[in-house]
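Coordinates in review
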Amino acid sequence: MTTAPAVEAVLAEHAELELRLADPSVHADPATARKLGRRYSEIGPIVAVARELASARADIVTARELAAEDASFAAEAQELAEKIPVLERRLAELLVPRDPHDGDDVIMEIKSGEGGEESALFAADLARMYLRYAERRGWSTQIIDSVPSDLGGYKDLTVLVRSREPVADGVWSALKFEGGVHRVQRVPVTESQGRIHTSAAGVLVYPDTGEDADVEIDENDLRIDVFRSSGHGGQSVNTTDSAVRITHLPTGIVVSCQNERSQLQNRARAMEVLRSRLQALAEEEAAAKASADRRSQVRTVDRSERIRTYNFPENRISDHRVGYKAHNLSAVLDGDLDGVVDALQAAERAEAVGS
């Protein structure tokens, strides 16, 4: 594969972005500045490796010329000769097209499934796991909507996860693999006989494209309901109808927001979530039409697919897509997701390079 034209294009883009980001007027629009900053960060590693490779290629020519007169330069020439193929492979890997959303923030929906209260409690465990993981990564989180269960679990939870600075490998690059059915095997707190039960919770994750989403929404396609925000056990936490539920009639997508301070703020936030949902749906449909064999073996937003099992008696976590297993379930549920995320990212990279 010839990488030179691609590298030149990236170097030119990087230089242009550098100029634009140095322009104070660009930062008057935070959304544009964030988008440019994210792209600048994304191609930064390519530029760094390309420059290192160019330097190594220039240095080896000099080292070989000097080695003809001074044998002490032969070792340097040999070291560079071994380094250059490594850099070439690394550059080729970096030039493989990335998921365009890797730098994006995400919206996660966690829903209880079969299993009643135990499923709702497990949904709360998953929510805590993601919140703790986000904390470890230095990301910010905001619960947009929640429907608690009687025992302290969640029937439904929507959370926004954002990186604090524009980065190439953002929240989506790590959490995009989480969509699907998560199964738990343990003795529920509601089980009096000590028997192990199996229940599940569903996770949907999609990029937080919000106002940047390339979708048009007809107000006539929306049904908007307002209601009072509620806490655990159905307790009202607001004396006014400030919570908002928006139903997109053509698709049946329902979005609720009750954690902002006013009905207007809740409606605006719910519309952002709806736009992100519709954008994700449009992209999934486009990808399905383009290729029935698209790269979806690793990542899925289909909650009907069981992706992972959390086995409490054996302290084991198993990801069924890549055969990952580890006996550190307690640590994982406390937010130590690095092992499974690394395995999934490695599988995605291997598939991208091989395709």
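Please read these numbers as outputs of a predicted model, since none were measured by experiment.

Thresholds applied
Each residue is numbered by its place in its chain's sequence as written, counting from 1. With pLDDT at 70 or above as the cut-off, local features in this predicted model cover only qualifying residues; side-chain atom pairs require 80 or more to be listed or tallied, and sums for whole chains, interfaces and linings still use all residues. Each side-chain value is derived from all of the structure's non-hydrogen atoms; neither hydrogens nor water enter the calculation. In this text, helices come from DSSP runs of H or I with a minimum length of four residues, and strands from runs of E with a minimum of two, each type numbered from the N-terminal end. Multiplying 1.5 Å by the residue count of a helix minus one yields the expected span of that helix. Summary of the burial criterion: residues with accessible area below 20% of their type's maximum are buried, those above 50% are exposed, and those between are partly exposed, where the area comes from a 1.4 Å probe applied to protein chains only. Starting at the helix axis, one direction is taken to each C-beta atom, and the arc is that of these directions. In what follows, a contact means two residues having at least one pair of non-hydrogen atoms within 4.5 Å. Any residue with relative accessible area above 30% and no salt bridge may belong to a patch, with like charges joined within 9 Å and the nonpolar Val, Leu, Ile, Met, Phe, Trp and Tyr side chains within 5 Å. Using a 1.4 Å probe, the Shrake-Rupley method yields the accessible areas, and only the shown protein chains count as cover for residues. For this analysis, a salt bridge means a side-chain nitrogen from Lys or Arg found within 4 Å of a carboxyl oxygen belonging to Asp or Glu. Counted as positive: Lys and Arg. Counted as negative: Asp and Glu, with His and the chain ends omitted from the count. Positions of charges follow a simple convention, taking NZ of Lys, CZ of Arg, CG of Asp or CD of Glu. Note that the domain bounds reflect an automated or database-derived domain assignment. Paired strands, as defined in this entry, are two strands with at least two bridges between them according to DSSP. Residues belong to a common nonpolar core when they are buried Ala, Val, Leu, Ile, Met, Phe, Trp, Tyr or Cys residues joined through side-chain atoms within 4.5 Å. Classification of ring pairs uses Phe, Tyr and Trp, with its six-membered ring standing for Trp, and accepts pairs whose centres are within 6.5 Å; under 30 degrees between planes counts as stacked, over 60 as edge-to-face, and the remaining range as tilted. Whether a charge lies above a ring is judged from NZ of Lys or CZ of Arg, which has to be within 6 Å of the ring centre and within 35 degrees of the ring normal. Fitting a line to C-alpha atoms yields each axis, with helices limited to the stretch in contact; the angle taken between N-to-C directions then spans 0 to 180 degrees.

**With respect to helix α1 (residues 4-21)**
- Across its 18 residues, α1 extends 26 Å between first and last C-alpha, which sits within 8% of the 26 Å expected from 1.5 Å per residue.
- Residues Val-7, Val-10, His-14, Leu-17 and Leu-21 constitute the buried set of α1. One side of α1 carries all its buried residues, which in axial view fall inside an arc of 85°. For α1, the exposed residues set more than 90 degrees away from the buried face come down to Pro-5, Glu-8 and Leu-19.
- Looking at the buried side of α1, the elements it contacts are α2 (30-67) and α3 (74-94).

**Some words on a negative patch on the surface**
- A surface patch of like charges, here negative, comprises Asp-59, Glu-76, Glu-79 and Glu-82.
- Here the element with the most residues in the negative patch is α3; it accounts for 3 residues.
- Within the element layout of this structure, Glu-82 appears in helix α3.

**Observations regarding the domain arrangement of the protein chain**
- If you check the domain split of the protein chain, you get domain 1 (2-95), domain 2 (105-212 + 300-354) and domain 3 (219-290).
- Centre-to-centre separation of domain 1 and domain 3, based on C-alpha positions: 44 Å.

**Digging into the pairing of strand β9 (residues 306-311)**
- Extensive coverage of β9 is indicated by the burial of 5 of its 6 residues.
- The sheet contact formed by strand β4 (residues 180-186) and β9 spans 5 bridges and is parallel. Along β9, the bridge assignment pairs Gln-185 with Asn-311.
- Examined bridge by bridge, β9 and strand β10 (residues 316-319) share 4 bridges and lie antiparallel to one another. Within the sheet, the bridge partner assigned to Thr-309 lies in β10 and is Ser-318.

**Let's talk about the nonpolar core**
- Leu-126, Tyr-130, Leu-175 and Tyr-310 are the most contacted members of the largest nonpolar core, which totals 37 residues.
- Top element by residues in this core is helix α4 (residues 116-137). It accounts for 9 residues.
- If you look at the next biggest cluster of nonpolar residues, it comprises 23 residues, including Ala-33, Ile-43, Ala-56 and Leu-91.

**Some details on the pairing of strand β2 (residues 140-148)**
- Here β2 runs beside strand β3 (residues 154-162); their pairing, made up of 8 bridges, is antiparallel. Counted as the bridge partner of Gln-142 is Leu-160 from β3.

**Side note on the packing of aromatic side chains**
- Scanning the model with the defined rule gives 2 aromatic pairs in all.
- On the numbers, 5.4 Å between centres and 65° between planes, the contact of Phe-122 with Tyr-310 is edge-to-face. In this pair, Phe-122 is assigned in helix α4 and Tyr-310 in strand β9, connecting sequence segments 188 residues apart. Per residue, the accessibility class of Phe-122 equals that of Tyr-310, and both read buried.
- Across from the ring centre of Phe-312, 4.9 Å away, lies the NZ or CZ of Arg-186, which sits over that ring.
- Taking NZ or CZ as reference, Arg-245 lies 4.4 Å from the ring centre of Phe-227, over its face.

**Some remarks on the sheet that holds β10**
- Strand order in this open sheet of 8 strands is β2-β3-β1-β5-β4-β9-β10-β11, and the pairing throughout is mixed. Each edge of the sheet is formed by a strand with only one pairing partner; in this case those strands are β2 and β11 (324-326). Ignoring which end each strand starts from, the neighbouring axes of this sheet average 15° apart.

**Describing the pattern of salt bridges**
- Tallied over the full model, the rule gives 29 salt bridges.
- Arg-269 is the partner of Glu-272 in a salt bridge, and the nearest nitrogen-oxygen pair spans 3.2 Å. Placement of the pair is Glu-272 and Arg-269 together in helix α6 (residues 263-290), with a separation of 3 residues, close to one helical turn.
- A residue is classified by how much of its surface remains accessible, and Arg-269, at 13% relative accessible area, is buried.
- A salt bridge links Asp-319 to Arg-308, with the nearest nitrogen and oxygen atoms 3.1 Å apart. On the criterion of sequence distance, the pair formed by Asp-319 in strand β10 and Arg-308 in strand β9 is long-range, its members being 11 residues apart.

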